[in-house]
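Here is what each chain is made of, one letter per residue.
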Amino acid sequence: MAPPLTRPLRSLNPAARHLARCASTAASQSSSAPPPPSDPQSSEHSPLPRPAFSVPYTPVPRLPGFPNSFKSPSHKHYNYPTPLFNSPPTEKMPDTLAEQSQAKKETKLAAVSGLSREELRNLCRFTVRSTKVQHMTKKGKMASQQAYVVVGHPEKGLVGLGRGRGHSHAAAQDDGFQKAVLNMDYVNRYEERTLWGEGKDLQGKWGAAKVHLRARPPGFGLMVPPMIHRVFTACGIKDASAMIVGSRNRPDVLKATIQVLHGGGNPSGFGTGIFGKKGPRENKGRGMRSKDEIERERGRYGVDVGRRI
């Protein structure tokens with residue numbers, strides 16, 4: 001039988017010759033050399049045997065304090081439990097944020113408006129609009145939040161509208177609530193449920209928005225647009241209908257409605273009383289007139305001939 005053909009070692013490249021020498025040396029010394037130390041973390045029956053020409057492996061024992069399980073923490077808090085800085089005492093704490101607390105604001109608002117803190121918390125509140133606005137300055141666009149809030153007291157017939165601004169929606173709504181409470185005024189309701197008068201007395205205009213309000217009999221309910229519905233609910237009007245003519249811009253509709261409910265303002269052209277200057281738009285026009293006001297204008301007593309149920 002002819003001997004098998006063998007490829008001479010010189011025909012191999014240098015890398016292959018080095019691997020061949022390592023393999024032959026490891027095979028010749030396998031019987032005399034002691035076995036390499038076993039890895040304590042590896043299993044006894046490894047599916048992949050270690051090649052003969054690999055880098056020698058020497059296990060390094062871990063320290064006793066080293067976390068050897070997944071439940072142990074992988075780091076230590078060097079500053080725990082002793083903190084770096086001790087908190088100052090209570091009497092030395094700054095009171096800057098205390099001035100902006102909700103309790104402090106309620107106390108100031110109660111002193112100005114005459115309502116107790118409990119009444120302020122129980123006021124009927126509606127956020128009718130909350131949007132992002134931008135003010136252009138030389139430094140660029142300064143973004144902020146704007147909110148329109150309707151606040152009222154249905155039992156007392158009070159309602160007011162406030163526009164607030166702040167760095168967030170919550171801050172804008174809080175600012176709008178403060179201004180709405182200060183702008184609250186009395187609404188003279190007929191039988192504590194509906195409006196007084198008819199026709200032009202119940203028509204308001206603000207900008208391009210026009211509102212037409214109508215008094216309704218008992219049990220009719222509120223058949224009004226959503227913006228006006230919030231105003232009527234806040235002031236305690238239960239029977240009425242309304243219609244919007246022209247623009248439906250929310251702030252304009254709210255201002256026109258509240259102008260009618262508050263009985264208008266100063267006579268048209270009255271001004272501010274200071275050097276003949278014009279007054280604000282909300283002080284113009286005439287709104288809802290009650291029975292007492294009509295009696296004073298005509299100099300006669302009025303008799304209620306409406307149907308009662």
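Anything mentioned here points back to the structure above.
First, a word on scope: everything that follows refers to the structure included in this document.

Cut-off values and rules
- Residues numbered from 1 in each chain as written.
- Predicted model: local features only at pLDDT ≥ 70, side-chain atom pairs only at ≥ 80, totals over all residues.
- Heavy atoms only, no water.
- Phe/Tyr/Trp six-rings, centres within 6.5 Å; stacked < 30°, edge-to-face > 60°.
- Buried < 20%, exposed > 50% of the residue type's maximum accessible area, 1.4 Å probe, protein only.
- Lys NZ or Arg CZ within 6 Å of the ring centre and 35° of its normal.
- Core = buried A, V, L, I, M, F, W, Y, C linked by side-chain atoms within 4.5 Å.
- Helix = DSSP H or I, 4+ residues; strand = E, 2+ residues; numbered from the N terminus.
- Axes fitted to C-alpha atoms, helices over the stretch in contact; angles between N-to-C directions.
- Parallel < 35°, antiparallel > 145°, perpendicular 65-115°, else oblique.
- Left-handed = near helix turned anticlockwise from the far one by under 90°.
- Contact = heavy atoms within 4.5 Å.
- Salt bridge = Lys/Arg side-chain N within 4 Å of Asp/Glu carboxyl O.
- Expected span 1.5 Å × (residues − 1).
- Pairing = 2+ DSSP bridges.
- Nonpolar A, V, L, I, M, F, W, Y, C, P; charged D, E, K, R; others polar.

### A few points about the packing of aromatic side chains
For the structure shown, the criterion picks out 1 aromatic pair. On the basis of an interplanar angle of 75° and a centroid distance of 4.9 Å, the ring pair of Y190 and W196 is categorised as edge-to-face. Classification of Y190 as buried rests on a relative accessible area of 15%. Its guanidinium or amino end placed over the ring of F220, R216 lies 5.4 Å from that ring's centre, counting from NZ or CZ.

### With respect to the nonpolar core
The biggest cluster of nonpolar side chains holds 32 residues, and the ones touching the most others in it are V150, L195, L213, I228, F232, L261 and M288. Broken down by secondary-structure element, the contributors of at least two residues to this core are β2 (140-153), β3 (158-166), β6 (209-215), α5 (226-235), β8 (240-246) and α6 (250-261). In this structure, L109, A110, L115 and M184 belong to the second largest nonpolar core, which totals 12 residues.

### Regarding the packing of helix α2 (residues 102-113) against helix α4 (residues 169-182)
One way to put it is that α2 packs onto α4 with a least axis distance of 10 Å and a crossing angle of 15°. Between α2 and α4, the angle is such that the two are roughly parallel. Crossing angle aside, the handedness with which α2 passes α4 is right-handed. Judged by residue contacts, Q102, K105, L109, V112 and S113 of α2 engage D174, F177, Q178, V181 and L182 from α4.

### Here's the deal with the pattern of salt bridges
Under the counting rule described, the total for this entry stands at 11 salt bridges. A salt bridge links D174 to K105, with the shortest nitrogen-to-oxygen separation between them at 2.9 Å. Here D174 is found in helix α4, whereas its partner K105 is found in helix α2, with 69 residues between them in sequence. As a salt-bridge pair, E106 and R117 come within 3.3 Å of each other at their nearest N and O atoms. Remark: R117 occurs in helix α3 (residues 117-121) and E106 occurs in helix α2; sequence separation between them is 11 residues. Note on R117: relative accessible area 32%, which makes it partly exposed. Look at the salt bridges and you will find they share partners, linking E106, R117, E118 and R121 into a network.

### Quick look at α4
Under the 1.5 Å per step criterion, the end-to-end length of α4 is 20 Å for 14 residues, consistent within 8% with the ideal 20 Å. Among the residues making up α4, those that are buried are A172, D174, G176, F177, Q178, A180 and V181. The secondary structure elements touched by the buried residues of α4 are α2, α3, β1 (124-137), β2 and β3.

### Brief notes about the sheet that holds β1
Strand order in the open sheet made by the 4 strands is β1-β2-β3-β4, with antiparallel pairing throughout. Two strands in the sheet have a free side with no partner beyond their single neighbour: β1 and β4 (185-186). Across 2 bridges, the pairing between β3 and β4 is antiparallel. Bridge pairing in β4 places V159 opposite D185. The sheet strands contacting α5 are β1, β2 and β3, and the helix crosses β2 at an angle near 50°. Strands β1, β2, β3 and β4 of the sheet are contacted by α6, whose axis makes an angle of about 150° with β3.

### Brief notes about α6
Compared with the 16 Å implied by 1.5 Å per residue over 12 residues, the 17 Å span of α6 between its first and last C-alpha is a close match. Across the 12 residues that make up α6, a large majority, 10, are buried. Buried within α6 we find P251, D252, V253, L254, A256, T257, I258, Q259, V260 and L261.

### What to know about the sheet that holds strand β7 (residues 222-223)
Spatial strand order, β5-β6-β8-β7: 4 strands in an open sheet with mixed pairing. Sheet topology places β5 (203-206) and β7 at the edges, where each strand pairs with a single neighbour. Bridging between β5 and β6 involves 4 bridges; their strand directions are antiparallel. Note on β6: the bridge partner recorded for G204 is V211.

### Details of the packing of α5 against α6
Taken N-terminus to C-terminus, the directions of α5 and α6 make an angle of 40°; their axes are 9 Å apart at the nearest point. Along this stretch, α5 crosses α6, giving a crossing that reads as right-handed. Here α5 contributes M227, I228, V231, F232 and C235 to the contact with α6, which in turn contributes R250, V253, L254, T257, I258 and L261. Of the residues in the contact of α5 with α6, the class split is 9 nonpolar, 1 polar and 1 charged.

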